[in-house]
Amino acid sequence: MSLWGGRFKDGSSAMFRRVNDSFPFDRALASQDIRGSIVWSRAICQAGVLSQDEQQQLERALNALLTKAEAGELDFADSPAEDIHSFVEAALIEQLGDIGRKLHTGRSRNDQVATDFRLWCREHVALLSGDLHKVIQSLLATAKHNQGVILPGYTHLQRAQPVRYPHWCLAYVEMFKRDVSRLHDLSTRLNQCPLGSGALAGTVYPVDRQKIAEQLGFTSPCLNSLDAVSDRDYVLETLFAASTSMMHLSRMAEDLIFFNSGEAGFITLGDQVTSGSSLMPQKKNPDALELIRGKCGRVFGSLQGMLVTMKGLPLAYNKDMQEDKEGLFDAITTWHICLCIAAEVIDTIKLDATRCAKAAREGYANSTELADYLVAKGMPFRTAHDVSGQVVLAALAQRKAIEELSLGELQVFSPLINDDVYAILQLEYLVDKRAILGGTGAAPVAKALDAAIAEFGLPA
Ligand code: ARG
C-alpha cells in the first residue's frame, strides 16, 4: 500500500521503487516507529481525534507489534511497503480497518522519521557508551597487572624517553573518556522531540507536545517545526563521535601492532584475536588490530558523506535526508564491533617486561638526565646539553650505554661528573623523577590509575 496514491494515475516504476524505497534498511527503526505511534495515538486521542476506545484498540495492536518487533519476529518478507512507516500503518489497517486509517491524522512521515531516528540514536549512544566503558576497564586491568613495566616512549617513532606501561594505557583511557563525554554532550541536543511538527509547519491538532516528548523519554519538544523535520545535526554529531573514537582506536591499534612486531617484541597477543598465514607457518598476525585501523575508512566516509548530503539543502524536509540512515547504521555497528574486539585484544596482552626495559635503556634516553645532572652541579643547560651530546657520541663509538662508560671516560667531558652519576642514569630513577601531575613517575601513575579504577572499575 502506498501512502500517497490518490493523486497518482500510474504506479511507480521498478527502478523508482529501488531508488526511493527505504524499507530494506529503515525496518531497523520498527520498534522506535511503533513506540512513536503509541504516543501519537494518545496525543490525538487527547486532542479529540480518536475516541478512548479507538485509541485503546490502536495501542493494543501497536503493543502486539512492538512485542514482535523486539523479538525480531515481524514478518517483513513479502511486504510491498515503501518504508517502515507504511509497513506499520498497513499492519494496523489490516487488523483494525478504519481505526488504523486514523492514526496518521495530524502527523507526517517527516516528523515521524525524525522522531524515530532520534530515538534510535539515543538508544545506540547509550549502548556505545557502555562499550567504551568496557574498553576503559580492560585498559585499567592490563595497567594494574603490569604496573612495574617500563617501555620506551616515542616521538617521531624514535625512542625518546622511557614511560611506565600504565601511563601508556592511561593515555588511551583519557581519549576514551573524552569519547564518553562527547556522547553525553550530544545527548542533550539529541533529546528534543520533533513529533507534532507535522510535515514542516506544525500540526493543526492541539496535541500536548511537552507530554509527547516526555512519554518518549525526550527532555523537551523541538522548538521550530521547520528545523525539527530537517535537522540532522544529531546524525552528524553521532558520526563525528564515532569517527573520533575510531581514530583513537586506530592509534591504539597502531601502537599495539608495533609493540607486537618482531622488531619491538614488547607484547604478544592471544590466539583468539590473531590469525595465521596460509603459506608461512610461523606467522601470527594482528588482524583484529589491523581491521580496527582499516575500518576507520568507512566510518569517516559516512561522516563525510552525510556532511555533503546536508550541504546546501533548502528548508525543510528533502528526500536527500533519507540517505542519513545506512551510513549511520553502518558506522554505529562498525564502532560497536571495533570497541568490543579492542577490549578482547587488550585482555590477551602479555608483556615481555625484560624486552621492554632493554629497549627503554637503549637509545640514550638518559642523556637528558645527564644534562640535568650537570645543571644541578652549576653548568648552564645549553652547555650541559652539548656535553651530554658529546658523551652520547663517545658511547656510540664504543657501542655502549652511557652508564657502561667508566668514571674516567665520563670525566674527560666534564670534571663535574662524579660516581653519583650512575644512580641518576638508572631507568627507574629517570622515570620516577617525573613525579609531576600527569607525568610518568610511579607516584602520579599509581594515583591516576587508582582514580580511574575508582571511577570505571575493573572488568567484571
Ligand atoms: N523514508 C523517509 C526518510 O527516511 C521518510 C520520510 C518521507 N517523507 C516524505 N515526505 N517522503 O527520510
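One can find the structure itself at the top, above this paragraph.
Rules and cut-offs
Residues numbered from 1 in each chain as written. Predicted model: local features only at pLDDT ≥ 70, side-chain atom pairs only at ≥ 80, totals over all residues. Heavy atoms only, no water. Pairing = 2+ DSSP bridges. Helix = DSSP H or I, 4+ residues; strand = E, 2+ residues; numbered from the N terminus. Axes fitted to C-alpha atoms, helices over the stretch in contact; angles between N-to-C directions. Parallel < 35°, antiparallel > 145°, perpendicular 65-115°, else oblique. Left-handed = near helix turned anticlockwise from the far one by under 90°. Contact = heavy atoms within 4.5 Å. Nonpolar A, V, L, I, M, F, W, Y, C, P; charged D, E, K, R; others polar. Buried < 20%, exposed > 50% of the residue type's maximum accessible area, 1.4 Å probe, protein only. Polar contact = N/O pair within 3.5 Å; in protein donor to acceptor, adjacent residues only side chain to side chain. Patch = residues over 30% accessible without salt bridge, like charges linked within 9 Å, V, L, I, M, F, W, Y side chains within 5 Å. Areas by Shrake-Rupley, 256 points an atom, 1.4 Å probe, with all protein chains shown as cover. Salt bridge = Lys/Arg side-chain N within 4 Å of Asp/Glu carboxyl O. Phe/Tyr/Trp six-rings, centres within 6.5 Å; stacked < 30°, edge-to-face > 60°. Core = buried A, V, L, I, M, F, W, Y, C linked by side-chain atoms within 4.5 Å. Expected span 1.5 Å × (residues − 1). Arc of directions from axis to C-beta. Near = heavy atom within 4 Å.

## Observations regarding the pairing of strand β2 (residues 158-164)
Residues in a regular strand point their side chains to alternate faces of the sheet. The pairing of strand β1 (residues 150-155) with β2 spans six bridges and is antiparallel. From the neighbouring strand, P152 faces β2, where its bridge partner is P162.

## What to know about the packing of helix α11 (residues 233-259) against helix α13 (residues 324-347)
Packing of α11 against α13 leaves a shortest axis separation of 10 Å and a crossing angle of 30 degrees. Classed by the angle they form, the pair α11 and α13 counts as roughly parallel. Classified by chirality, the crossing of α13 by α11 is left-handed. Of the residues in α13, those in contact with V235, T238, L239, A241, A242, S245, M246, L249 and M252 of α11 are D324, G327, L328, A331, I332, T334, W335, C338, L339, A342 and I346. Looking at the contact of α11 with α13 residue by residue, the classes come out as 15 nonpolar, four polar and one charged.

## Regarding the environment of N224
Structurally, N224 is set in the loop between β4 (220-221) and α10 (225-230). Residue N224 is classed as partly exposed on the basis of its relative accessible area of 39%. Linking N224 and S197, residues 27 residues apart in sequence, is a C-alpha distance of 7.7 Å. A distance of 3.0 Å separates a polar side-chain atom of N224 from the backbone nitrogen of D227.

## Let's talk about a nonpolar patch on the surface
Together, L200, L226 and L315 line one region of the surface with nonpolar side chains, adding up to about 270 Å² of accessible area. For L200, the position within the fold is in the loop between β3 (192-193) and α9 (209-215).

## Description of the packing of aromatic side chains
Going through the model one piece at a time under the given rule, you end up with 14 aromatic pairs. On the numbers, 6.2 Å between centres and 55 degrees between planes, the contact of F258 with F259 is tilted. The class for F258 is partly exposed, based on a relative accessible area of 24%. Ring centres of F259 and F266 lie 5.6 Å apart, and the angle between their planes is 50 degrees; on these two criteria the pair is classed as tilted.

## Focus: the nonpolar core
With 110 residues, the main nonpolar core has L139, L249, M252 and W335 as its most contacted residues. Among all residues touching L139, those that are not within four sequence positions of it are W168, C169, Y172, V173, F176, M252 and I346. With 18 residues, the next largest nonpolar core counts L370, Y373, V391 and L410 among its residues.

## Description of the environment of Y422
Among the secondary structure elements, Y422 is positioned in helix α18 (residues 421-424). Considering only alpha carbons, one finds Y422 and I402, 20 residues apart in sequence, at a separation of 9.0 Å. Among residues more than four places away in sequence, those in contact with Y422 are E403, L405, S406, L407 and L410. A polar contact is formed between the side chain of Y422 and the backbone nitrogen of L407, at a distance of 2.9 Å.

## Description of helix α16 (residues 381-397)
Between its terminal C-alpha atoms α16 stretches 24 Å, which fits the 24 Å expected from 17 residues at 1.5 Å a residue. Residues of α16 that are buried include every one of A384, V387, S388, V391, V392 and A395, and no others. Along the axis of α16, the buried positions cluster into a sector of 145 degrees, meaning they face one direction only. Exposed and oriented more than 90 degrees from the buried face of α16 are R382, L393 and A397. Along its buried surface, α16 packs onto α15 (367-376) and α17 (407-411). Once α16 finishes, R399 follows within two positions and takes phi at roughly 55 degrees, a positive value.

## A look at the site of the ligand
In the vicinity of the ligand, the contacting residues are S22, D83, H85, R109, N110, V113, Y317, K319, Q322 and K325. The contact in question runs from an oxygen atom of the ligand to an N or O atom on the side chain of Y317, over 2.4 Å. Take K325: an N or O atom from its side chain is 2.4 Å from an oxygen atom of the ligand. Its free accessible area being 350 Å², the ligand has 86% of it covered by the protein chains. Counting residues per element, the shell around the ligand draws most heavily on helix α7 (residues 109-145), at three residues.

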